[in-house]
Every structure is written in C-alpha cells, then in structure tokens.
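# Chain and residue survey
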Amino acid sequence: MPFFLSLHEILKNQLEPSLIGGKTKALAQLYQNNFLVPNGFVITTEFFNLFSKEDNISENDLAIIFKYIDACSPTGIVAVRSSASVEDSSEQSFAGQFETILNVKKEDVSGAITKCWQSLYSPRVSIYAKQRNDERKMAVLIQEMIYPEVSGVAFSLHPVTTDSNSIVIEAVFGNNELLVQGAVTPDCYVVNKQLEILDKNIVFQKDIQFLDDENRISSKNSIDGNLQKLSDNQIVAVAQMVINVENFFHHPVDVEWAINKGNIFILQSRPITKIN
C-alpha cells in the first residue's frame, strides 16, 4: 500500500478512512469533483503504522514529502492536518479532537506530522473514544496554506431546530482558529434553500487574527469588528456551496470554509452526526 498520495491521484478503492482518514476521504472526493479544495497530499496510515514510533522521519522520506509540498504549494508553506481513520464518519465526528498546525514551513513539517500522530492518543481523544470504535489510525493531510480574509463554519440544516430547509452560517474575520477554539462569537446568518437570507446576527469581533507567510498578526486596528463579516452576496455564495456539498454527499453536512481573494475554499466537510 502507498505511503503518499496526492488528492488528485487517490483512486476509488483507496477512498478508505482506514488508509487516508475520514477528513482526507471527504476532501479528496470533493477535490476530484471540481469543488474548490486547497491542493495537497496525504501521508497514509500505512506510513503511520510503520514509522510513528520512530524518533524522526528519515531524510529519504522527508525528501519525498518536500517534493509533494513543492507540487501543491508554490510558497512552500502548508497546513498540516490530522486525518484519523475514526473521524468525520456518519457515526462519529471527533470534531476538534485532533491536531491541525497552520503556517508550517518545510523545515518544521516533520515536527508537525509528529504532533498529528501524537494527538491520536491524547487524553481528550481517549475520553471521546470511550465506548466508540477504537480502531484508531492516523493519516496526515498536508495542503497549500490559505490566508483567509473571512472564514467560518456552515451547516446544511439548522443545528438547533433541525429544519432541513435552513442553512446556518457562522463567520469571523481572518482565520477561524479562534472560532474553532470557542474564543470568539461569530456572526450568524440563516438562509433558506431558496437562497433567501432569513436572519442576520452581527456580533462585534474584538480579537481578529490573520496569518501571513511569516507570523500571526493582529489587525484589530485596521478592521472594524462591528462590521458584517460576509456581504449579502457572500452569504448567498457560501449557502450555495453548502447546498452543493450536501447534494454531492446525499446527507446533511457541516463544512469549514475560508474566503481568500473572492474564492470560497472548503477546508473540511463532515456529516452532521448529532443534533443538540
């Protein structure tokens, strides 16, 4: 079985979470069907099984990884994302349980891969995995780094009312890391599947974080946190993207997205497994 696969070369019989992880499976399917997903490649669970207990990734394997990075990222800067065999399935999501490292340079990629591997056995994952499928393996998805002006999460059905005709979009300025951590309250927009905006809750964003190719920078002095994060046209465009993803997978979805230079990138797509 292969150790490395680019998103475009993953074959149908390789679309298995046990080989490439749940996150990569969904993104590879979207990428190969012309959805806008950052270019990248996956280090498979076969590599994890053989080498995750080693102190270092070998120079030969790093050279191969660097070639894949050069092919997917013109700047050489990447996002390194865990893609566990047990996450993003229809039975369990493990949302937010594993590691993602952003803005990674080539010289730091080995350490970032190791962090993803180690997150498979973190205490919070062990607690979450209790009484669930515990056949855990870790693939690692490495993608071109996207620097969003606005980012967020969107649900193809209302996560509170369970209305299947309502799309809920959460949005923040800059990178959505603070949103995922629960450190900021996002704007929230509700759109029906006829693409009519039903409700907008605009929230002041005190902490605004942007990433460039060197450092994380705060731009709270240059952007008014009181502003609506997405224009009405962007709200409709994100809603249409989520409808398209739901139609592709034939089930309700929870999508992480990011807007860069007018393009809406899909960073993750998972089934909605539980409505609270």
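Relevant structure appears above.
Figured I'd write up the structure that's included with this text.

A few words now on helix α7 (residues 232-249). Compared with an ideal rise of 1.5 Å per residue, which puts 18 residues at 26 Å, α7 spans 26 Å between its outermost C-alpha atoms and is within 8% of the ideal. Phi turns positive, to about 65°, at H250, one or two residues after α7.

To continue, consider the nonpolar core. Formed by 40 residues in total, the largest nonpolar core has its most connected members in I169, L230, V238, M241, V245, W257 and I266. At the level of elements, α1 (17-31), β5 (138-144), β6 (150-155), β7 (166-173), β8 (187-192), α7, β12 (253-260) and β13 (263-271) are the ones that each hand at least two residues to this core. Considering each element in turn, this core owes the most residues, eight residues, to α7. If we ignore the near neighbours within four places in the chain, the residues touching V245 are L30, F35, V253, V255, I266 and S269. Of all hydrophobic cores here, the second largest spans 26 residues; its members include F48, C72, V78 and F98.

Right, let's get into unusual backbone geometry. Although it is not a glycine, N103 adopts a positive phi angle of roughly 60°. Even without being a glycine, T162 presents a positive backbone phi close to 65°. Its location among the elements puts T162 in the loop between β6 and β7. According to the relative accessible area criterion, T162 is partly exposed, its value standing at 43%.

Once that is clear, we can look at the sheet that holds β5. Read across the sheet, five strands follow the order β1-β2-β5-β3-β4 without closing on themselves; strand pairing throughout is antiparallel. Single-partner strands in this sheet number two, and they are β1 (4-6) and β4 (100-104). Ignoring which end each strand starts from, the neighbouring axes of this sheet average 20° apart. Packed on one face of the sheet, α1 meets β1, β2 (40-43), β3 (78-84), β4 and β5 and runs near 120° to β3.

Further remarks concern the packing of aromatic side chains. Inspection of the entire model under this criterion finds 11 aromatic pairs. Look at F4 and Y68: their rings are 6.0 Å apart centre to centre, the planes differ by 35°, and that puts the pair in the tilted class. Taken together, the residues F4 in strand β1 and Y68 in helix α3 (residues 59-72) connect sequence positions 64 residues apart. On the basis of relative accessible area, F4 is assigned to the buried category, the value being 10%. Grouped by ring-pair contacts, the aromatic residues F3, F4, F41, F47, F48, F51, Y68 and W117 constitute a single cluster.

Let's shift gears to the side chain of E256. The residue E256 is located in strand β12 in this model. Of the residues examined, E256 reaches a relative accessible area of 12% and is grouped as buried. Beyond its immediate stretch of four places on either side in the chain, E256 contacts G152, V153, N176, F265, I266, L267, Q268 and R270.

In this section: the packing of α1 against α7. Two elements in contact, α1 and α7, have axes separated by 12 Å at closest approach and are oriented at 105°. When the axis of α1 is compared with that of α7, the two are roughly perpendicular. Taken together, the residues of α7 that come into contact with α1 (itself represented by A26, Q29 and L30) are V245, F248 and F249. Across the contact of α1 with α7, the residue classes tally to five nonpolar, one polar and no charged.

What follows concerns the packing of α3 against helix α4 (residues 109-119). The geometry of α3 relative to α4 is characterised by a closest axis approach of 11 Å and an angle of 100° between their N-to-C directions. With respect to each other, α3 and α4 are oriented roughly perpendicular. For the pair α3 and α4, contact is made by L62, I65, F66 and I69 and by V109, S110 and I113, respectively. For the contact of α3 with α4, the class distribution of residues is six nonpolar, one polar and no charged.

On to the environment of N260, then. Note that N260 resides in strand β12. On the basis of relative accessibility, which here comes to 15%, the residue N260 falls in the buried class. Here the alpha-carbon distance between N260 and P148, two residues 112 residues apart in the chain, equals 4.7 Å. Other than its neighbours up to four places away in sequence, N260 contacts I146, Y147, E149 and F265.

The rules we used
- Residues numbered from 1 in each chain as written.
- Predicted model: local features only at pLDDT ≥ 70, side-chain atom pairs only at ≥ 80, totals over all residues.
- Heavy atoms only, no water.
- Helix = DSSP H or I, 4+ residues; strand = E, 2+ residues; numbered from the N terminus.
- Expected span 1.5 Å × (residues − 1).
- Core = buried A, V, L, I, M, F, W, Y, C linked by side-chain atoms within 4.5 Å.
- Buried < 20%, exposed > 50% of the residue type's maximum accessible area, 1.4 Å probe, protein only.
- Contact = heavy atoms within 4.5 Å.
- Pairing = 2+ DSSP bridges.
- Axes fitted to C-alpha atoms, helices over the stretch in contact; angles between N-to-C directions.
- Phe/Tyr/Trp six-rings, centres within 6.5 Å; stacked < 30°, edge-to-face > 60°.
- Parallel < 35°, antiparallel > 145°, perpendicular 65-115°, else oblique.
- Nonpolar A, V, L, I, M, F, W, Y, C, P; charged D, E, K, R; others polar.

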